[in-house]
Amino acid sequence: MAESIFIPDSASKAEKYEAILPQVEALISTETDTYANLANVSAVLKEAFGFFWVGFYLVKQGELVLGPFQGPLACTRIRLGKGVCGTAWDKAKTQLVPDVEAFPGHIACSSASQSEIVVPGFKNGEVWIVLDVDSDQLDDFDLTDQEYLEKLMQLVDRYC
């Protein structure tokens with residue numbers, strides 16, 4: 001069991017993702033509890049990048065239900081198609097939002113959140129989970145985040 005993760009201090013964003021992905025795989029590939037794995041993935045992302053909020057929502061009984069996360073209090077339940085998370089679930093596609101206030105139907109779980117990326121995970125061709133990452137800075141996420149967070153979610157889909 002890992003007790004720490006190596007995150008290179010002076011690395012670029014892409015280099016940090018490259019460094020953490022194999023460590024995340026090693027961490028979650030040997031643990032069978034989904035919630036333990038999701039909690040550790042949230043912690044790794046928070047530690048590596050200092051995101052304002054990072055966590056998971058799981059599809060349960062027709063809505064997204066809050067799962068493991070790191071950050072301030074969060075919305076507990078989100079309906080299909082509502083907000084950034086519900087839209088990612090509904091469209092089964094990553095949502096990269098540079099300014100949450102400009103996103104139609106944005107759900108303000110925290111007024112400090114300024115930008116957001118939400119990446120769906122798939123099992124049997126259906127969305128079963130979304131990774132939600134918020135920043136307290138405008139336009140804080142880019143295609144590098146999207147590329148690597150989608151790779152991370154492939155690991156989550158495989159091991160969780």
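What you see is a predicted model, and the numbers here were worked out from it, not measured in a lab.

This brings us to the packing of helix 1 (residues 13–29) against helix 2 (residues 34–49). In contact at an axis separation of 11 Å, helix 1 and helix 2 are set at 160 degrees when each is read in the N-to-C sense. For the element pair helix 1 / helix 2, the angle class is roughly antiparallel. Crossing geometry of helix 1 relative to helix 2 is assigned as right-handed. On helix 2, the residues touching Lys-13, Lys-16, Tyr-17, Ile-20, Val-24, Leu-27 and Ile-28 of helix 1 are Asn-37, Asn-40, Val-41, Val-44, Leu-45, Ala-48 and Phe-49. For the contact of helix 1 with helix 2, the per-class residue count stands at 10 nonpolar, two polar and two charged.

In the numbering used here, UniProt assigns the "domain: GAF" (unreviewed entry) feature to residues 46–156. For residues 46–156, the helix share is 24%, the strand share is 37%, and the end-to-end C-alpha distance is 16 Å.

Turning our eyes to something else, we now look at helix 3 (residues 83–91). Owing to its 3.6 residues per turn, the α-helix brings residues three or four apart onto one side. Where burial is concerned, most of helix 3 is hidden: seven out of the nine residues are buried. On its buried side, helix 3 packs onto strand 1 (53–60), strand 2 (63–70), strand 3 (77–79), strand 4 (95–97), strand 5 (115–123) and strand 6 (126–135). Positive backbone phi, approximately 55 degrees, marks Ala-92, located one or two places after helix 3.

Moving on, we get to the sheet that holds strand 1. Hydrogen bonding along the main chain pairs the strands of a sheet, whether they run parallel or antiparallel. If you trace the six strands from one edge of the open sheet to the other, you get 3-2-1-6-5-4, paired in antiparallel fashion. Both outer strands of the open sheet, strand 3 and strand 4, are each paired with one neighbouring strand and no more. The sheet shows a mean angle of 25 degrees between the axes of neighbouring strands, taken without regard to direction. As defined by bridge partners, strand 1 adjoins strand 6 across six bridges and the pair is classed as antiparallel. Looking at strand 6, one finds that Tyr-57 is bridged to Val-130. Here helix 3 sits on the sheet and contacts strand 1, strand 2, strand 3, strand 4, strand 5 and strand 6; the angle it forms with strand 5, its principal contact strand, is near 35 degrees. Where helix 4 (residues 143–159) meets the sheet, it contacts strand 1, strand 4, strand 5 and strand 6, and its direction lies at approximately 30 degrees from that of strand 5.

With that settled, consider the side chain of Asp-157. Relative to the elements of secondary structure, Asp-157 occurs in helix 4. Reaching out from Asp-157, the side chain makes a polar contact with the side chain of Trp-128 at a distance of 2.9 Å. Discounting chain neighbours no more than four positions away, the residues touching Asp-157 are Gly-121, Phe-122, Lys-123, Trp-128 and Ile-129.

As a further point, take the pairing of strand 1. Most of strand 1 is tucked away: six of the eight residues are buried. The pairing of strand 1 with strand 2 spans six bridges and is classified as antiparallel. Bridge pairing links Val-59 to Leu-64 in strand 2. Between the end of strand 1 and the start of strand 2, which pair antiparallel, lie two residues, with Gln-61 showing a positive phi angle near 50 degrees.

Criteria and thresholds
Residues numbered from 1 in each chain as written. Predicted model: local features only at pLDDT ≥ 70, side-chain atom pairs only at ≥ 80, totals over all residues. Heavy atoms only, no water. Axes fitted to C-alpha atoms, helices over the stretch in contact; angles between N-to-C directions. Helix = DSSP H or I, 4+ residues; strand = E, 2+ residues; numbered from the N terminus. Parallel < 35°, antiparallel > 145°, perpendicular 65-115°, else oblique. Left-handed = near helix turned anticlockwise from the far one by under 90°. Contact = heavy atoms within 4.5 Å. Nonpolar A, V, L, I, M, F, W, Y, C, P; charged D, E, K, R; others polar. UniProt positions renumbered as here; feature names shortened; annotations may be inferred. Buried < 20%, exposed > 50% of the residue type's maximum accessible area, 1.4 Å probe, protein only. Pairing = 2+ DSSP bridges. Polar contact = N/O pair within 3.5 Å; in protein donor to acceptor, adjacent residues only side chain to side chain.

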